Amino acid sequence: MLDGFEAEFVLGDKGYDADYVISKAQSIGAQEVIPPKENRLIERIYDKELYKERNLDERRFNKLKNFRRVATRYDKTASAFLAFVQIT
């Protein structure tokens, strides 16, 4: 999922706390900002302040999904879809 991308940070929730995701993020030169799962034997440290930014983005997407037109992608062209997203 990270192939072909360049990033400074990789933000994700606990569901992405897997060794292969962490190692892939490190291999592209990104800092992983993923909280460790409860069952991880060696707990990793992550930037909690930066992780809060992920939460804000998640809330923005959830607000967009409240518009049924965006959630079901009624617009046929990418430009029409993008225009409506920018309006909302």
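Structure: above.
Sequence order as written defines residue numbering, which begins from 1 separately in each chain. Local features are withheld for residues below a pLDDT of 70 in this predicted model, meaning they are given only at 70 or higher, and side-chain atom pairs are given and counted only at 80 or more; totals for whole chains, interfaces and linings count all residues. Where side-chain values are given, they derive from all heavy atoms of the structure, hydrogens and water being excluded.

**Structural notes on the packing of aromatic side chains**
Reasoning step 1: Only the six-membered ring of Trp is used, alongside the rings of Phe and Tyr, when aromatic pairs are assigned; centres must lie within 6.5 Å, and planes under 30 degrees apart are stacked while those over 60 apart are edge-to-face, with the rest tilted. Using the criterion set out here, one finds one aromatic pair in the structure.
Reasoning step 2: Measuring from ring centre to ring centre gives 5.9 Å for Tyr46 and Tyr51, while their planes differ by 80°; the resulting arrangement is edge-to-face.

**A closer look at the pattern of salt bridges**
Reasoning step 1: Salt bridges are defined as contacts in which a side-chain nitrogen from Lys or Arg sits within 4 Å of a carboxyl oxygen from Asp or Glu. With the rule as written, the count across this model stands at nine salt bridges.
Reasoning step 2: For the salt bridge of Lys14 with Glu38, the shortest nitrogen-to-oxygen distance reads 3.2 Å. Of this pair, Lys14 sits in the loop between strand S1 (9–11) and helix H1 (19–27) while Glu38 sits in the loop between strand S2 (31–33) and helix H2 (48–65), placing them 24 residues apart in sequence.
Reasoning step 3: In this structure, a network of salt bridges that share partners links the residues Asp17, Asp19, Arg40 and Arg44. In DSSP terms, a helix is any run of H or I states spanning at least four residues, a strand is any run of E spanning at least two, and both are numbered starting from the N terminus.

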